[in-house]
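These are the residues of each chain, in order.
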Amino acid sequence: MQPATIVKTTCQYNKEPISDEDMMKLREIAADCNKVRNYVYQRFGGIGSLEKLYPGYTVQNEMTRCGLREQLGLPSVYFNLAVFDALADIKCQWVKTKSDIMAKIGRSNTLAAEEKHYLRFLLKVNNAFTAVLNHRQTVLRADLQKSYEQLADTVDRAKMERYLCRQVRKYHIKLHAGEMTGFSISERAYRYGDHGIYLTIKEKRKRIFVPLTDNCQYKRQLYIKLLPEKKSLEIKVPIDVRVKKHADYTKQVGISLGMYTMFVTDEGHSYGERFGEYQTHYADWVREQTANYNQNREEGTERKKYYAKKRRMEEQFHSYINMEINRFLRTEKPEILYIPKLPPAKSGGKVKEINYSVSMWQRGYIKKRLLLKCSEQSVKVVEVFGKGISSECSCCGESGKKKEGIFYCSACGLQIEEKRNTAQNVKKRGMIGS
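Residues numbered from 1 in each chain as written. Predicted model: local features only at pLDDT ≥ 70, side-chain atom pairs only at ≥ 80, totals over all residues. Heavy atoms only, no water.

Even after reading the chapter, I still don't get the packing of helix α10 (residues 304–332) against helix α12 (residues 363–376), so can you show me in this structure?
To describe two helices that pack against each other, one gives the angle between their axes and the distance between the axes. Viewed as axis vectors pointing N to C, α10 and α12 meet at an angle of 40°, and their least axial separation amounts to 10 Å. Compared by their axis directions, α10 and α12 come out oblique. Viewed along their axes, α10 and α12 form a crossing whose handedness is right-handed. The segment α10 lies against α12, with H318, I321, N322, I325, N326 and L329 engaging Y365, I366, R369, L370, K373 and C374. (Axes fitted to C-alpha atoms, helices over the stretch in contact; angles between N-to-C directions. Helix = DSSP H or I, 4+ residues; strand = E, 2+ residues; numbered from the N terminus. Parallel < 35°, antiparallel > 145°, perpendicular 65-115°, else oblique. Left-handed = near helix turned anticlockwise from the far one by under 90°. Contact = heavy atoms within 4.5 Å.)

Structure representation (structure tokens):
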């Protein structure tokens, strides 16, 4: 049996500065790939092309016949990948549109249960969704057609379909590729050798040689990120990493996430205790720099130093987060990890400094890295419904009060550290649900 793997991204870097002439040729490829992507976005990003998106060969055939590749003089190894990259972006945008509409339907107090059921059916069945948006008769395979007709008979079909069309117009965004930053490249368009990589360019039978800092060689699709201001590039390589299995990882652990301590376990162990210090320093610095920039904007204030320092601070912050997650996994050795589902971040409080810190809270990055590292170590992650979880007593289940970081339960007399109480509730709910 083939061992389980996950995909990670590693990077390669140029050893010597890239000449202006070579950088110009690479930037020309990136610009042409952007033109291809924008053409695909414009031509196939609307409702009329929904049925062409899967599996996508219709789009590729139409793009091949349209003559754009010949007009740009772009090699097919770049042209085809740009088409499929744009196609993937369009599919993702439609998934997001459907997800947003689905969430709005769930929140609606004006729609009846039958209407919600009908709309959800349309969103989940691609052929029905496409037919409604294009004002065509809905024709599905026999079993789905029967379900569709049964649902349609319980609602005002025309009203619901108009509602769905309005929501699509509201939420769906036509994509546009902004500033050129790089391009995808297939293995037919490059060759490793001489301690570097040879990249195909628009001139026939010619390649650019870029010496690299390592001697690693890969055979897969790469992404070339251009950094012209530094006369350099970054090669992003997806690699398969074998998942590790640990016989001693046997515990079930619940955690509670916080803004000052990164997370606390159900046993009261804290990880990332300097997280609040990093968070506050980073948020205060960004707020101060933003205020200075807004005051001196008319003077044409240079922001290169700002972005460079911000990137360094983020890297230090993220390095600390990763170090603490690694320490948590080594120490706790969880087989199953229970984490709370967090609501979206909100702003609009009375204290601007707190609002700014909340808006810059790195919880999205923490969750992403935690999920990745757990998958690398074969740790199962279970997300737990989090509503009211911090105000519930982990001993008796009654509501309690929190004061200065301590949770007090008047029903059973429990006094416990607030975050530990929350982590115990997370674990309890997770174990009940599983």
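Read on for the rest.
What is the right way to read the pairing of strand β3 (residues 190–193) from this model?
Every regular strand shows the same layout, with side chains that alternate between the two sheet faces. Examined bridge by bridge, β3 and strand β4 (residues 196–200) share four bridges and lie antiparallel to one another. Bridged to Y192 within β4 is I197. With antiparallel pairing between neighbouring strands as the criterion, β3 and β4 make up a hairpin whose turn holds two residues, including D194 at a positive phi of roughly 55°. (Pairing = 2+ DSSP bridges.)

So what exactly am I meant to see when it comes to the pattern of salt bridges here?
Close approach of charged atoms lets side chains of opposite charge pair. Applying the stated criterion across every chain yields a total of 26 salt bridges. The residue K52 makes a salt bridge to E62 at a minimum N-O spacing of 3.1 Å. Within this pair, whereas K52 is found in the loop between α1 (20–44) and α2 (57–65), its partner E62 is found in helix α2, the two being separated by 10 residues in sequence. According to the relative accessible area criterion, E62 is buried, its value standing at 14%. Through salt bridges that share partners, E21, K25, E203 and K206 make up one connected network. (Salt bridge = Lys/Arg side-chain N within 4 Å of Asp/Glu carboxyl O. Buried < 20%, exposed > 50% of the residue type's maximum accessible area, 1.4 Å probe, protein only.)

Please clarify how the nonpolar core should be interpreted in this entry.
Note on soluble globular proteins: their nonpolar side chains tend to be buried together. Counting residues in hydrophobic clusters, the biggest one holds 69 residues, and the most contacted among them are V36, M63, Y78, F183, I197, L199 and L233. The element best represented in this core is helix α4 (residues 76–107), accounting for 11 residues. In this structure, I197 is in contact with Y190, R191, Y192, I208, F209, V210, L212, L222 and I235, ignoring residues within four places of it in sequence. Grouped together as the second largest cluster of nonpolar side chains are 26 residues, Y306, M313, F317 and I339 included. (Core = buried A, V, L, I, M, F, W, Y, C linked by side-chain atoms within 4.5 Å.)

I keep staring at the sheet that holds strand β12 (residues 380–384) and nothing clicks. Help me out?
Within a sheet, neighbouring strands are paired by backbone hydrogen bonds and run either parallel or antiparallel to one another. Taken together, five strands build an open sheet; the order of strands is β10-β9-β8-β11-β12 and the sheet is mixed. Only two strands of the sheet have a single partner each, and these edge strands are β10 (270–271) and β12. Bridge count between strand β8 (residues 251–257) and strand β11 (residues 334–340): four bridges; the pairing is parallel. Its bridge partner lying in β11, K251 is registered against P334. Against the sheet, α12 makes contact with β8, β11 and β12, and its axis sits at roughly 160° relative to β11, the strand it touches most.

Help me out: how do you make sense of the side chain of D32 in this one?
Tracing the backbone shows D32 in helix α1. Look at D32 and you get buried, because its relative accessible area is 5%. A polar side-chain atom of D32 sits 2.5 Å from a polar atom in the side chain of K202. Those residues in contact with D32, other than ones at most four positions away along the chain, are L72, L74 and K202. (Polar contact = N/O pair within 3.5 Å; in protein donor to acceptor, adjacent residues only side chain to side chain.)

Honestly, unusual backbone geometry in this entry has me stumped. Any pointers?
Comment: phi is negative for the bulk of residues other than glycine, and the bulk of peptide bonds are trans. Its identity is not glycine, yet H135 carries a phi of approximately 55°, on the positive side. Looking at where H135 falls in the secondary structure, it is placed in the loop between α6 (126–133) and α7 (142–152). Of note in the backbone geometry, H195 takes a positive phi value of approximately 60° without being a glycine. Mapping H195 onto the fold places it in the loop between β3 and β4. Residue class for H195 comes out exposed when judged on its relative accessible area of 57%.

Can you walk me through the packing of aromatic side chains in this structure?
In this structure the tally under the stated criterion is 16 aromatic pairs. Each ring, one from Y271 and one from F328, has its centre 5.4 Å from the other, and the planes form 80°; the classification is edge-to-face. Taken as a pair, Y271 in strand β10 and F328 in helix α10 lie far apart in primary sequence, 57 residues in all. For the pair formed by Y271 and F328, the shared burial category is buried. When the ring of Y278 is compared with that of Y320, the centres are 4.8 Å apart and the planes differ by 25°; the resulting orientation is stacked. Of the two residues, Y278 sits in helix α9 (residues 275–295) while Y320 sits in helix α10, which places them 42 residues apart along the sequence. Among the aromatic residues, those joined into a ring-pair cluster are F275, Y278, Y282, F317 and Y320. A cation over a ring is seen here: K98 above F129, with NZ or CZ 4.6 Å from the ring centre. The side chain of R191 reaches across the aromatic face of Y198, ending 4.3 Å from its centre. (Phe/Tyr/Trp six-rings, centres within 6.5 Å; stacked < 30°, edge-to-face > 60°. Lys NZ or Arg CZ within 6 Å of the ring centre and 35° of its normal.)

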